[in-house]
Amino acid sequence: MLKIRNGKIWRDTKGNVIHCHGGGFLKQGDFFYWFGENREQGRLVSCYRSLDLVSWEFCNDVVTSATHPELRSANCERPKVLYNEKTQTYVMWLHWENGVDYSAARCGVLISDRIDGSYEYLYSFRPLGHMSRDCTLFKDDDGAAYFISAANHNADLHIYRLSEDYREIAALEMVLWPGESREAPAVFKRGQYYFMVTSGCTGWHPNQVKYAYAESITGEWSPLINIGTPTGYDTQPTYVLPIVGVQQTTYLYVADRWDPSNYHNSRYVFLPFEFASDTALDLQWASELAVDLELGVVETTVNQSNLYRMRANLQYLAVDNFEGVAPVSFSRLNYANENQLWDLEYSNSNSFRIRHYLSGKYLTPRNLSNEPHSEIVLDEHKSHISQEWTVKPTGDGYVSILNSYSKLALTFGSDEEQKLLQMPFAKEGDAACDRQKIILARVYE
Ligand code: GAL
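Since we're looking at a predicted model, the values are computed, not measured.

Parameters at a glance
- Starting from 1, residues in each chain are numbered consecutively following that chain's sequence as written.
- Predicted model: local features are reported for residues with pLDDT of at least 70 only, side-chain atom pairs are reported and counted for 80 or more only, and whole-chain, interface and lining totals are derived from all residues.
- Excluding hydrogens and water, the side-chain figures rest on all heavy atoms present in the structure.
- In these notes, residues near a molecule or strand are those with any non-hydrogen atom within 4 Å of it.
- Identification of polar contacts relies on pairs of N or O atoms within 3.5 Å, with a donor-acceptor requirement for protein atoms, meaning one able to donate a hydrogen and the other able to accept it, and with residues adjacent in sequence counted only if both atoms are side-chain atoms.
- Here the Shrake-Rupley method, with its probe set to 1.4 Å, supplies the accessible areas, and only the displayed protein chains count as covering residues.
- When residues are grouped by polarity, Ala, Val, Leu, Ile, Met, Phe, Trp, Tyr, Cys and Pro land in nonpolar, Asp, Glu, Lys and Arg in charged, and all others, Gly among them, in polar.
- Paired rings are identified among Phe, Tyr and Trp, the last through its six-membered ring, by centres lying within 6.5 Å, and are further divided according to the angle between planes into stacked (under 30 degrees), edge-to-face (over 60) and tilted (the rest).
- Put simply, DSSP H or I for four residues or longer makes a helix, DSSP E for two residues or longer makes a strand, and each gets a number counted from the N terminus.
- To sort residues, take the accessible area from a 1.4 Å probe on protein chains only and compare it with the maximum for the residue type: under 20% means buried, over 50% means exposed, and anything in between is partly exposed.
- Any Lys NZ or Arg CZ found within 6 Å of a ring centre and within 35 degrees of that ring's normal is scored as a charge over the ring.
- An automatic or database domain assignment supplies the start and end points of every domain.
- What counts as buried area is the accessible surface, traced by a 1.4 Å probe, that two parts surrender upon association, with contributions from both included.
- The salt bridge definition used is simple: a Lys or Arg side-chain nitrogen within 4 Å of an Asp or Glu carboxyl oxygen.
- For two strands to be treated as a pair, DSSP must find no fewer than two bridges joining them.
- Working convention: axes come from line fits to C-alpha atoms, limited for helices to the stretch in contact. Angles between N-to-C directions cover 0 to 180 degrees.
- By definition, residues are in contact when any of their heavy atoms lie within 4.5 Å.

1. Thoughts on the site of the ligand
Close to the ligand lie Glu77, Arg78, Tyr102, Asp134, Glu183, Gly203, Trp204 and Gln236, which account for all nearby residues. Arg78 places a polar side-chain atom, nitrogen or oxygen, 2.9 Å from an oxygen atom of the ligand. In the environment of the ligand, an oxygen atom lies 2.5 Å from a nitrogen or oxygen atom belonging to the side chain of Asp134. Alone, the ligand offers 310 Å² of accessible surface; in the complex the protein occludes 88% of this. Of the residues belonging to the shell around the ligand, the class tally is 2 nonpolar, 2 polar and 4 charged.

2. With respect to the packing of aromatic side chains
One pass over the full model with this rule turns up 38 aromatic pairs. For the pair Trp10 and Phe270, a centre-to-centre distance of 5.1 Å together with 85° between the ring planes defines the contact as edge-to-face. With Trp10 in the loop between β1 (4-5) and β2 (21-28) and Phe270 in strand β20 (residues 267-275), the pair connects residues that are 260 residues apart, well separated along the chain. Side by side, Trp10 and Phe270 carry an identical accessibility label, which is buried. Between Arg190 and the ring centre of Phe275, over which it is positioned, the NZ or CZ distance is 3.8 Å.

3. Description of the domain arrangement of the protein chain
Here the protein chain is described as being made up of domain 1 (4-301) and domain 2 (307-442). A straight line from the C-alpha centre of domain 1 to that of domain 2 covers 36 Å. Here domain 1 meets domain 2 over a buried area of about 1,100 Å², counting both sides, of which 52% is carbon and sulfur. On the surface where domain 1 and domain 2 come into contact, there are 1 salt bridge. Residue Asp234 is joined to Arg309 by a salt bridge in which the shortest nitrogen-to-oxygen separation is 3.7 Å. Taken together, domain 1 and domain 2 are joined by 5 residue pairs in polar contact (both at pLDDT 80 or more). Among the residues making up the side of domain 1 that touches domain 2, the classes are represented as 4 nonpolar, 7 polar and 3 charged.

4. Section: the sheet that holds strand β15 (residues 193-199)
Judged by pairing direction, the sheet is antiparallel, and its 4 strands sit side by side in the order β14-β15-β16-β17 without closing on themselves. Two strands close off the open sheet at either side, each with one partner strand: β14 (183-190) and β17 (225-227). Adjacent strand axes in the sheet meet at a mean angle of 30°, parallel and antiparallel pairs treated alike. Pairing of strand β16 (residues 209-214) with β17 involves 3 bridges; the strand directions are antiparallel. Of the residues in β17, the one forming a bridge with Lys210 is Asn226.

5. Some thoughts on the environment of Asp282
Mapped onto the elements, Asp282 comes out in strand β21 (residues 281-283). Relative accessible area serves as the criterion here: at 29%, Asp282 is assigned to the partly exposed category. Residues Asp282 and Thr300, 18 residues apart in the sequence, show an inter-C-alpha distance of 15 Å. If sequence neighbours within four positions are ignored, Asp282 has contacts with Ile227, Pro272, Phe273 and Glu274.

6. Examining the pairing of strand β24 (residues 307-312)
With 6 of 6 residues buried, β24 is to be regarded as a mostly interior element. Neither face of β24 is left uncovered, since the one carrying Leu307, Arg309 and Arg311 and the one carrying Tyr308, Met310 and Ala312 both have all their residues buried. Looking at chain direction, β24 and strand β36 (residues 439-442) are connected through 4 bridges and run antiparallel. Residue pairing across strands places Tyr308 opposite Arg442, the latter belonging to β36. Strand direction decides the pairing type here: β24 and strand β25 (residues 315-318), joined by 2 bridges, are antiparallel.

7. Structural notes on the sheet that holds strand β7 (residues 89-97)
Across the sheet, 4 strands lie side by side as β6-β7-β8-β9; this open sheet has antiparallel pairing. The sheet terminates laterally at β6 (75-84) and β9 (120-125), the two strands that pair on one side only. Taken pair by pair, the neighbouring strands of this sheet meet at an average axis angle of 20°, ignoring direction. Pairing of strand β8 (residues 106-112) with β9 involves 5 bridges; the strand directions are antiparallel. Note on β9: the bridge partner recorded for Ile111 is Glu120.

Here it is, written out as structure tokens:
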């Protein structure tokens, strides 16, 4: 059986790289149709289809910058499509921006009478006057459809009921988790419960994925519950795809692994949700998935990596040049840059050396007796405790990384001083504490 290979470049049946980001699915017959963002020249939303979720045939650029004057220089994000029985049309909702910044905060609506036809642009607007950014659609068992979008500068998540033809907003039903800034919503229903999976708001940098559940989509929703690692295995949700088989239904978490340094290098990750009870959702990493569509069963394989990235304040510890005794610096996440990869070599259960993957050199403090001029460099292996570190969890997935010899804490540069070399190191609690709140993000491939 062909396998889904998470986080790798995916190509369509013609060998072209699949660009279908922030996407969603619609099943028709035996085909899964996949709609998503495509930022290649002139394209906006592309559609692919597959019979097995592995081999994808390109269907059409269903929305392009030529579709309508209002799309000429627009950004269209997170497109989702539903079929409306009443009008027998396919209705697409997406996040519409002016192409320059994110100030428009509107939704856009398009229709087509063919699933992979060229969609006709109807309009873009702010639902009932509210800002609307990351969004999704959900069709309930009774045919009622909902548009869920991040409102109020992304602080709140709104659930709107759509009109019967799915082309307009009928009512604002819910304001969820006000002030908690959740985005990238994906909704599904399993048994008696509705689930919503969301991310936090750190742009294309991954963060803690959370879920919530409710007995009615417009009823009371649970508080938000963490799921997966602090960076969601380096993903952001976009959709949940139920695989309905004769043996069981598996719910696939469909996510983007955005590359904030190169959007076009962004990848996809599909993971089967696990359920410990009717309301307890779990998400484990899998490198490869074999999906048995007939049975509804997904088998997974894991290739464990021992490499990590270290980040604080969305800055990743990196080494640009590792000749001689090399300084360390910080840069934004870049999956193509192996200079951001680190290996933790445990000497015993809680003390380890931090080895730079590419150069084989170790994180080493220098000028320890001359604070504040002490700094961290990369150096050859030494038989000294100063190259040893311990991790101290500080809650919510963060850790402090303390030098075993000096007890000083690894301290990251702030946003303004990305290349900060002078004081990458300070007494625990000395520097603005978010510069010592580190996410030790394991590499998941
Ligand atoms: C994310 C959002 C993405 C995209 C990105 C742009 O927060 O989920 O869809 O808008 O920001 O930075």
